[in-house]
Amino acid sequence: MDSAPATMKLESSWVQDKLFLGMTWNDYLRSQFTKFNAVVAIILLVGIPVIIYRLVFGLGPSTNLSDNNPWGIWIGFDMLCGVALAAGGFVIGTAVHIFGMKEYSFLFRPAVLTGFLGYLFAIIALTFDLGRYYRLPYPMFVSWGVTSVLFLVAWHVALYLSCQFVEWCPAIFEWLNMKKARKIFIKATLGATIFGVCLSMLHQSALGSIFLLMPEKLHPLWYSDYIPLFFFMSAVVGGIAMTIMESSLSHRIFSKQIKNHDPEHLDRVTLGLGKAASVTLFAYFFMKVIGLAHGNTWAYLDSSYGYLYLVEVLGFVLAPALIFMYAVQNNLVNWVRNCAIFTVLGIIFNRLNHSIIAFNWHLPLDERYYPHWMEVVLSVTVITIGILTFQWIMNRMPILYEHPDYEPENH
Amino acid sequence: MDTSRRDFIRVLTGLGVTASLGGVGAARADSGLLPGYPNQFGVLVDTTVCIGCRRCEWACKEWNKLPNQKTLREYERDQSVFQKIRRTHDDTYTVVNRFENPRDASKPIYVKKQCMHCYEPGCASSCFVKAFTKRPIGPVTYDASLCVGCRYCMAACPFDIPAYQYYNPWTPEVTKCTFCFDRISLEGQIPACVSICPVETMTFGKRTELIDLARKKIRDNPGRYVNHVYGENEVGGTSWLYLSAVPFEKIGFRTDLGNVPIPTMSKPFLSLVSPVFIVVPALAMGFYSFKKRRDQIEKDELKKALEKKEAK
């Protein structure tokens, strides 16, 4: 969507300028009738009543959760996958602000925004899963269960959300034209990034460590002393893959925003990310093999769960590592992009294996969990609202492009 | 966990103070190796005695005022429930299950199931608001006024005991056996299920004495029991103990749990938290300074080169 002509800007009020993209109310409303928004409207029409139904009637009627299966897709997909795939902000932040890889710096803002919203909506989805969601701040302010890995997750996710907000603030203040506030937050970026790295390392691995308490429920092929490391490494992969996906999509969808768009630069950077993904995937694959040796669980490979494990590790870890390598060596940018999608699916598969598919594997089939349709609808609705928020911000704030009135950030 | 004594020792160990105290060398051992509260109560369940009358189920519901209560006669008569292996739910803190007896098909084995009240409970260590407490006299109790409803305790319990009030939309609680904490806190009182049992399947007492009793029973009745007291060492030891005539996996017990307490599993990870906050920022600042200096040198050299050119 274009910004309004300059003549009109002078007359328009702040609300029109900042919220309605410089259009009048009627024009703005008319511009919202798109095919994309029609799909969104249908999802929300079904989804919002489902959310209300969950809140009013409780978990029993709206989910397939049971005493044997206390966690479903709201934890396994929304929380575990959401947080792992939102690691882009921390990965790109480390590369740009700590290692000083300047050619990736234009990816920093979109990655931080994706990360921030990813975490925010993972938490929103989580609240629907909590029996007493109105007590969400209890681990912070009421009672500290310091022996719990979940306590660490709760604190770190909350702190990390604040870190990412700090990193995102310069864009907000550029949008609102508040120069002094922007300067303060630019200065805070390095500190927030370093703090964010510590928090990310710990809570990404902590999400895996949750399962350390369940050696008798999680299949031995997935249960490992190395779970924390596996979750951290795969989150780095997820962050890189999501950045590749997100940057190629946004540069297509919001291409009008970028005046001096240089597709070659984006391609070069995408290849660089593909290389990083390949290296990390190889390291992750070898760690997985070491995990098998360490747990001495080779014998399980020749079973139905073993084949599933092999599909995950060979199909979704080793194969993308090789494809990324081949694509980078031969400058096949589109291969890198498609392989990123494949890798993201692999991460989702991995998280669902831990939380649902290989979880409670000892129970007979009729006592196992599969999601209720309302659980699926609620997840889709929360993601849709997340995408809407992303789009709303992208259309208003200088995320993809540098604001013409400001010099690039330096610390 | 209400482990002020252990926390004290843990803090001392953490500060490295114990070494200087001399004499208390034993306290330097990891808290996981401590034998648990010395005076805790326990119950020894002799599954070779139980007749499956289900009176304990009735008494439990009666004492804890649980929903869906029926008359005692109905409990005794209704044999149909034995067709399925049952577990605890939000309206049932304890169930009796029936298993085929591989030794004598005409004498099925009845096994009561309830919270085992672990020495080092997985539920307590998993709870991020500390809603569970291991009481010095044995019971693991739950405080609903803190519970957020994440249900991690249910996932972390190796015995699949905690249940949830899924159909309570506003104030759902986790439910589980309380070991009749309110009763046994009083002198001379015993749990409701133990007191109603007509055949003395269960013996309530000091856990250390119950271990002795169990060993004595095994010794004095050759061939009657397998030589194992379930709960003596499982997941670090539990307050409730079981004797059986057949291998425990044949009567619904998991024998693959090991003897390591569940909380121990996540300890190595949790011990990494503070080091990460010290080491990672130091490394990151190191990298950053290195990069900054490299950039500065590059800039200076460029400047010098340009000045040289101009001077020419």
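Quick caveat, the model's predicted, so the values are computed rather than measured. Along every chain, residues carry numbers that run from 1 in the direction the sequence is written. Working convention: letters from A go to chains and numbers from 1 go to ligands, in the order in which they are written. Where totals are concerned, whole chains, interfaces and linings use all residues; where local detail is concerned, this predicted model gives features only for residues with pLDDT of at least 70, and gives and counts side-chain atom pairs only at 80 or more.

K.L.:
Describe in detail the overall build of chain B, supporting the description with residues and values.
P.N.:
Check the secondary structure of chain B and you find 11 helices and nine strands. Whether two residues are in contact depends on their C-beta atoms, placed from the backbone: they are in contact if these lie within 7 Å. Contacts spanning at least 24 positions in sequence make up 60% of the contacts within chain B whose residues lie at least 6 apart. Strands here mean DSSP runs of E at least two residues long; helices mean DSSP runs of H or I at least four residues long; both are numbered from the N terminus.

K.L.:
So, the overall build of chain A: which residues are in play, and what are the values?
P.N.:
Tallying secondary structure elements over chain A gives 16 helices and zero strands in all. Principal-axis analysis of the C-alpha atoms places the extent of chain A at approximately 70 × 55 × 40 Å. Every C-beta atom is placed from the backbone, and the number of other C-beta atoms within 10 Å of a residue's own sets its class: buried at 20 or more, exposed at 12 or fewer, partly exposed in between. In chain A, buried positions account for 46% of the 411 residues.

K.L.:
So what's going on with the environment of leucine 113 of chain A? Which residues, and what values?
P.N.:
Residue and element names in this part refer to chain A. Of note, leucine 113 is situated in helix α8 (residues 108-129). As a C-alpha pair, leucine 113 and alanine 86 span 27 residues in sequence and 9.3 Å in three-dimensional space. If we ignore the near neighbours within four places in the chain, the residues touching leucine 113 are Trp168, Phe390, Ile393 and Ile399.

K.L.:
Describe the packing of helix α11 (residues 179-209) of chain A against helix α12 (residues 227-253) of chain A, listing the residues and the values that go with them.
P.N.:
Residues and elements named next belong to chain A. Note on geometry: axes are C-alpha line fits, over the in-contact stretch for helices, and angles between N-to-C directions span 0 to 180 degrees. As a packed pair, α11 and α12 sit with axes 7 Å apart at the nearest point and diverge in direction by 125°. With respect to their mutual orientation, α11 and α12 come out oblique. Crossing of α11 against α12: the hand is right-handed. Contacts from Met201, Gln204, Ser205, Leu207, Gly208 and Ser209 in α11 reach Ile227, Pro228, Leu229, Phe230, Phe231, Phe232 and Ala235 in α12. Here the term charged refers only to Asp, Glu, Lys and Arg, the term nonpolar to Ala, Val, Leu, Ile, Met, Phe, Trp, Tyr, Cys and Pro, and the term polar to all other amino acids, Gly among them. Grouping the constituent residues of the contact of α11 with α12 by class yields nine nonpolar, four polar and no charged. In what follows, roughly perpendicular refers to angles from 65 to 115 degrees, roughly parallel to angles under 35, roughly antiparallel to angles over 145, and oblique to any angle outside these ranges. For any pair of crossing helices, the crossing counts as left-handed if the nearer helix is rotated counterclockwise from the farther one by less than a right angle, and right-handed if it is rotated clockwise.

K.L.:
Mind laying out helix α14 (residues 304-329) of chain A, listing which residues take part and the relevant values?
P.N.:
Residues and elements named next belong to chain A. With 26 residues, α14 should reach 38 Å at 1.5 Å per residue; the first-to-last C-alpha distance of 36 Å fits that figure. Bend, in this description, refers to the angle at a residue between axes fitted to the seven residues ending there and the seven starting there. The largest bend in α14 is about 30°, located at alanine 319, with the proline proline 320 one to four residues further on. Residues of α14 that are buried include every one of Tyr309, Glu312, Val313, Phe316, Val317, Pro320, Ala321, Ile323, Phe324, Ala327 and Val328, and no others. If you follow the buried residues of α14, they end up packed against α13 (263-295) and α15 (333-357). A positive backbone phi angle near 55° is found at asparagine 331, which sits one or two residues after α14. How far a helix is expected to stretch is found by multiplying one less than its residue total by 1.5 Å.

K.L.:
Tell me what's going on with the sheet that holds strand β9 (residues 240-243) of chain B, and back it up with residues and numbers.
P.N.:
All names here are of chain B. Strands pair, by our definition, only if DSSP identifies at least two bridges between them. Strand order in the open sheet made by the three strands is β8-β1-β9, with mixed pairing throughout. The sheet terminates laterally at β8 (202-206) and β9, the two strands that pair on one side only. Here the strands of the sheet are splayed against their neighbours by 25° on average, with no regard to which way each runs. Note that strand β1 (residues 41-46) and β9 share four bridges and pair parallel.

K.L.:
Can you explain the interface of chain B and chain A? Please cite residues and give values.
P.N.:
Listed per partner, the contact involves 47 residues of chain B and 44 residues of chain A. For the side of chain B that touches chain A, the secondary structure elements donating two or more residues are α5 (122-126), α6 (152-156), β6 (163-164), α10 (267-270) and α11 (273-311) of chain B. If you tally residues by element for the side of chain B that touches chain A, the top one is α11 of chain B, at nine residues.

K.L.:
Give a description of unusual backbone geometry that names residues and reports values.
P.N.:
The backbone of asparagine 331 of chain A sits at a positive phi, close to 55°, despite the residue not being glycine. What makes asparagine 331 of chain A exposed here is the crowd of 11 C-beta atoms within 10 Å. Positive phi values are uncommon outside glycine, yet arginine 151 of chain B reaches one of about 70°. Looking at the secondary structure, you find arginine 151 of chain B in the loop between β5 (140-142) and α6. For arginine 151 of chain B, a count of 26 C-beta atoms within 10 Å translates into the label buried.

K.L.:
Can you break down the environment of threonine 24 of chain A residue by residue, with the values?
P.N.:
Structurally, threonine 24 of chain A is set in the loop between α2 (14-18) and α3 (25-31). As a C-alpha pair, threonine 24 of chain A and alanine 319 of chain A span 295 residues in sequence and 52 Å in three-dimensional space.

K.L.:
Describe the pairing of β1 of chain B, with residues and values.
P.N.:
Residues and elements named next belong to chain B. Burial analysis of β1 places six of its six residues in the buried class, the great majority of the element. Residue alternation in β1 divides its side chains into two sets, Phe41, Val43 and Val45 and Gly42, Leu44 and Asp46, and both sets are buried. Sheet analysis places β1 next to β8, joined by five bridges and oriented antiparallel. Each bridged residue has a counterpart across the sheet, and for leucine 44 the counterpart in β8 is threonine 203.

K.L.:
Describe the confidence of the model for chain A, naming the residues involved and giving the relevant values.
P.N.:
Within chain A, residue pLDDT values average 91, and 96% of them lie at 70 or more. In predicted models, pLDDT denotes the confidence assigned by the predictor to each residue on a 0 to 100 scale. In this model residues 1-10 of chain A is a low-confidence stretch, pLDDT under 50, and it forms 13 contacts with partners more than four residues away in sequence or in other chains.

K.L.:
An account of the pairing of strand β2 (residues 95-99) of chain B is requested, with residue identities and associated values reported.
P.N.:
All names here are of chain B. Burial along β2 is one-sided: the residues Val96 and Arg98 are buried and none of Val95, Asn97 and Phe99 is. The sheet contact formed by β2 and strand β3 (residues 109-113) spans five bridges and is antiparallel. By the bridge assignment, valine 95 is partnered in β3 with lysine 113.

K.L.:
Mind laying out the packing of helix α7 (residues 88-98) of chain A against α12 of chain A, listing which residues take part and the relevant values?
P.N.:
All names here are of chain A. For the pair α7 and α12, the least separation of the axes is 7 Å and the interaxial angle reads 90°. Taken together, the axis directions place α7 and α12 in an arrangement best described as roughly perpendicular. Taking contact as the criterion, the partners of Gly88, Phe90, Val91 and Ile92 in α7 are, on α12, Val236, Gly239, Ile240, Met242, Thr243 and Glu246. Looking at the contact of α7 with α12 residue by residue, the classes come out as six nonpolar, three polar and one charged.

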